[in-house]
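Reading the structure
Here are the chains, one letter per residue:
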Amino acid sequence: MAKAFIDILKAVEVEQQQRQAIVLALRGDQGLLEPVGTSPMPGSKADFGPLAVPAVRATMSAVHRNQRYRYRAMDYDPYRPEIIADPYPAYRQLRAEDPVHWSDKLGGWVLTRYDDVKEALHGQRFSADRATPFADHMAAKDEPEIARVGRMLGRWVVFNDPPRHTVLRRLLFEAFSPKMIDGLRGQIAETVDALLDDLTGRDRIDLVGDFAFPLPAIVIAHVLGVPERDLDQFRAWSSDLATLVGNARATPDRYRRGGRALLALTEYFEGVVAERRRQGSEAALVDRLIAARDTDDALNEDELVANCILILFAGHETTTNLIANGMALLLQRPGQMAALRAEPALTAKAIEEMLRFETPAHSVVRIAAEDQTLHGKDIRRGDRVFVMIGAANHDPAMFEQPEHFDIMRKPGRHIAFGYGPHFCIGAHLARVEGRVAFEALLRRLPEMSFAEETLDWIDTLVLRGLRSLPLVRTPLAA
Ligand code: HEM
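Calculation rules
Numbering of residues starts from 1 in every chain and runs along the sequence as written. Residue-level local features of this predicted model are given only where pLDDT is at least 70; pairs of side-chain atoms are given and counted only at 80 or more, and the full residue set underlies all totals for whole chains, interfaces and linings. Secondary structure follows DSSP: runs of H or I at least 4 residues long count as helices, runs of E at least 2 residues long count as strands, and numbering of each begins at the N terminus. Each residue receives a C-beta atom placed from its backbone. It is near a molecule or strand if this atom lies within 6 Å of it. As a working rule, the residues Ala, Val, Leu, Ile, Met, Phe, Trp, Tyr, Cys and Pro are called nonpolar, Asp, Glu, Lys and Arg charged, and the rest polar, with Gly in that last group. Should DSSP find at least two bridges between two strands, the strands are taken to pair. Axis definition: a line fitted to C-alpha atoms, limited for helices to the stretch in contact. Angles are taken between N-to-C directions and run from 0 to 180 degrees. Burial is judged by counting the other C-beta atoms within 10 Å of a residue's own C-beta: 20 or more makes it buried, 12 or fewer makes it exposed, and any count in between marks it as partly exposed, with every C-beta position built from the backbone. Crossing handedness is read from the near helix: turned anticlockwise from the far helix by less than a right angle, it gives a left-handed crossing, and turned clockwise, a right-handed one. By the criterion used throughout, residues are in contact when their C-beta atoms, derived from the backbone, lie within 7 Å.

Regarding unusual backbone geometry
The omega torsion of the bond from Pro 162 to Pro 163 falls at 5°, within 30 degrees of zero and hence cis. Tracing the backbone shows Pro 163 in the loop between helix H7 (144-153) and helix H8 (164-173). Phi at His 375 takes a positive value of approximately 45°, unusual for a residue other than glycine. Along the chain, His 375 turns up in the loop between strand E6 (372-374) and strand E7 (377-379).

If you want it as structure tokens, here you go:
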């Protein structure tokens, strides 16, 4: 009986998705094609993010400039509300018509095809150090405070190339090995249960604020060795930092706000390091990094503090998005929700499909390390390149019916955790948290539905996630 019901729900859902695919296909032909001349001229003061080099370099050759004009027909603007809400029609168009797209708005190239994205993440031809050019640029603009913030970000492992990257990565990697993380499973399950206990009996919740944010934040605080009582403060700092790192255009004063948060976090972790040194603690990641610093001189004091901040930041923003995006996907597709409730063993597969479909770390920035030509476009050394992981994960050349969310899809090829030397250190931890969270959410949370008609997506290009996800208890049918 239950199976027949699930089959009916699935059939309705497939029909809904087919209808949506037709609408999207029609929409894909419009919207982005604007008359040439509406976007800023090359050389205009396009604003660029912290992980960037200047949008228009004074040294740009005439040939290079002409190429940009030629391709301005497709005026991709990732900050338009409709694209923030649903970026996939734009990706489809870019992949098909302009896979190496110059964006005046972003001041960089946009890669959307799976193979190109993978190659950019893996290859030697692109550098991960986008913080140094940003700091240099801000220093040249007489913005010493923001330049300082850029230099601090430059110590994060993720913004380093070998050989420094190799050293820093090895130091952090140990703490996130599958063996270490599997040892945390019990504590993760307890945290999930405690958070769900607090939701018992409530008719309205915000899945982000009440669950998806605190869970990974508590877990990462534990791994790092910082007290849970500081989590609210972390949340404020971290969301301010996200506007800087993620280049949230709609947030006024994002450099200063994000910079202030980074300075506050630095001061906080300097205090933690001093305290743990004094106590001679040994259990947490901070302690290992202190030992690596004090015993082997493997990293300097600034790198120690900077990478604690990175772990705190990377360890929860993305996992929060995995949980909230995943729940939104299931709520939009009752058939798949019912199938998962009926067969919790599918959770691991479902998590992989959530990661593919609404990729939480949506794009990363690279800097071209050499002149190169890709699909006929000349990318110059120093150019900024937006590597669109979220678009790659919807490439039909790699995924059959990519716009179809299917928890039964054979997992394995998405690149939501990146690829190559910077492959996510926390991938196993995120997967374990996701599995434990969804198994418990679907078992313990009563039937809920969306409380609002629209989803409130954050406006950064780097992270794809929801500001909040208000849900109400679904009334029982009369
Ligand atoms: C769903 C959750 C997560 C997603 C989607 C995700 C995604 C990614 C991606 C795409 C990268 C590559 C960045 C690049 O190539 O520039 C990355 C790197 C990284 N992630 Fe995650 N991440 C997640 C969770 C975590 C967690 C829980 C941690 C906790 C420690 C973490 C720590 C890191 C670190 C330290 C790096 C830098 C690795 C390096 O540069 O070698 N991530 N992540």
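Picking up where we left off.
Observations regarding the site of the ligand
Around the ligand sit 27 residues, and of these Thr 318, Gly 418, His 422, Cys 424 and Gly 426 come closest. Secondary structure elements with two or more residues in the shell around the ligand: H8, helix H16 (301-332) and helix H20 (427-444). Per element, the largest residue contribution to the shell around the ligand is seven residues, and it comes from H16. Residues that form the shell around the ligand fall into these classes: 20 nonpolar, six polar and one charged.

Considering the sheet that holds strand E10 (residues 470-473)
The strands that make up a sheet pair up through hydrogen bonds in the backbone, lying either parallel or antiparallel. Strand order in the open sheet formed by three strands is E4-E10-E9, and the pairing between neighbours is antiparallel. The strands lining the two open edges of the sheet, one partner per strand, are strand E4 (204-206) and strand E9 (448-450). Shown here is a sheet whose adjacent strand axes are inclined to one another by a mean of 35°, direction ignored. Across three bridges, E9 lies against E10 in antiparallel orientation. Considered in E10, the bridge of Met 448 is made with Arg 473.

Side note on the pairing of strand E8 (residues 384-387)
Residues Arg 384 and Phe 386 line one face of E8 and the alternating positions Val 385 and Val 387 line the opposite face, and both faces are buried. Two elements, strand E2 (residues 108-111) and E8, share three bridges in a ladder whose sense is parallel. In the sheet register, Leu 111 faces E8, and the bridge partner there is Val 387. The pairing of strand E5 (residues 364-368) with E8 spans four bridges and is classified as antiparallel. When the bridges of E8 are listed, Arg 366 appears paired with Val 385.

Digging into the pairing of E5
For E5, a buried count of five out of five residues is recorded, marking the element as mostly surrounded by other parts of the structure. The side-chain alternation of E5 yields two buried faces, one formed by Val 364, Arg 366 and Ala 368 and the other by Val 365 and Ile 367. Judged from the two bridges that link them, strand E3 (residues 126-127) and E5 form a sheet pairing that is antiparallel. Bridge pairing in E5 places Ser 127 opposite Ile 367.

What to know about the packing of helix H10 (residues 185-199) against H20
Between H10 and H20, whose axes approach to 10 Å, the crossing angle comes to 35°. Where H10 crosses over H20, the handedness of that crossing is right-handed. Contacts between H10 and H20 pair Arg 185, Ile 188, Ala 189, Val 192, Asp 193 and Leu 196 from the former with Val 432, Glu 433, Val 436, Ala 437, Ala 440 and Arg 444 from the latter. Of the residues contributing to the contact of H10 with H20, the split by class is eight nonpolar, no polar and four charged.

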